[in-house]
Amino acid sequence: MSKTRFEASAVIDARPEEIYAVLVDYRDTHPRIVPAGYLYNLKVEEGGYGAGTIFTYSTRIFGIENPARAVVSEPEPGRVLMETVSPMNFVTTFTMTPIANGQQTHLTIATAWPPARNLRERLEHVIYPLVMKPMYTKELALIAAFMKSKNAQAV
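Asker: What is the right way to look at the pairing of strand β6 (residues 90–99) in this model?
Answerer: One face of the sheet, then the other: side chains in a regular strand alternate in exactly this way. Most of β6 sits inside the fold, with seven of its ten residues counted as buried. In this sheet, β6 lies alongside strand β5 (residues 80–86) in antiparallel orientation, the contact comprising six bridges. Residue pairing across strands places valine 85 opposite phenylalanine 90, the latter belonging to β6. Taken together, the nine bridges between β6 and strand β7 (residues 104–113) define a ladder with antiparallel strand orientation. From the neighbouring strand, threonine 93 faces β7, where its bridge partner is alanine 110. Hairpin geometry of β6 and β7 is characterised by an intervening segment of four residues between the two adjacent antiparallel strands and by a positive phi of about 50 degrees at alanine 100.

Structure below.
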């Protein structure tokens, strides 16, 4: 069965390895780029840096709280970071592609989920992209701002 997918991308004024270092650090920097109001209570259960990290968080959509647990993998270390979320069976990937001679990054955040099996899931699948679009737009903006401030401090 094919999965349904939503993605958003942006060009970030930072090197791919710099962005990757922010994303894989679930104890310190990754929580700083998670959009408030969409995801909250992010807690690392195991690991904390890259593959093998397990973390929990909650979402609130239309007043309904949904707890989730994610396992992190690195299918292409330094380029692709993946979060597999249960119980929803979502898979979110962060893919970094170098551009401008490696000085900038085309960053894509994509989430795929299994096809709907019933009416409730069909309705949820219509809603997911409506929630993900502003969430990923905000997250990409937070990453860009974080990298800008980090690079400004380094100068």
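More follows now that the structure is in view.
Asker: Explain the pairing of β7 to me, please; I cannot follow it from the model alone.
Answerer: For β7, the buried fraction is high: eight of the ten residues fall into the buried class. Pairing of strand β1 (residues 4–12) with β7 involves nine bridges; the strand directions are antiparallel. If you follow alanine 10 over to β7, its bridge partner there is leucine 107.

Asker: For this particular structure, what's the right way to read the sheet that holds β5?
Answerer: The pairing of strands in a sheet happens through backbone hydrogen bonds and is either parallel or antiparallel. Judged by pairing direction, the sheet is antiparallel, and its seven strands sit side by side in the order β1-β7-β6-β5-β4-β3-β2 without closing on themselves. Each of the sheet's edge strands pairs with one partner strand only, and the pair in question is β1 and β2 (39–46). Averaged over all pairs of adjacent strands, the angle between strand axes in this sheet comes to 20 degrees, irrespective of strand direction. Where helix α1 (residues 16–24) meets the sheet, its contacts fall on β1, β4 (64–76), β5, β6 and β7, and the angle it forms with β6 comes to roughly 155 degrees.

Asker: Sorry if this is basic, but what is going on with the side chain of threonine 108 here?
Answerer: Locating threonine 108 in the fold gives a position in strand β7. Taking relative accessible area as the criterion, threonine 108 reaches 12% and is therefore assigned buried.

Here is what the cut-offs are and how they apply
- Residues numbered from 1 in each chain as written.
- Predicted model: local features only at pLDDT ≥ 70, side-chain atom pairs only at ≥ 80, totals over all residues.
- Heavy atoms only, no water.
- Buried < 20%, exposed > 50% of the residue type's maximum accessible area, 1.4 Å probe, protein only.
- Helix = DSSP H or I, 4+ residues; strand = E, 2+ residues; numbered from the N terminus.
- Pairing = 2+ DSSP bridges.
- Axes fitted to C-alpha atoms, helices over the stretch in contact; angles between N-to-C directions.
- Contact = heavy atoms within 4.5 Å.

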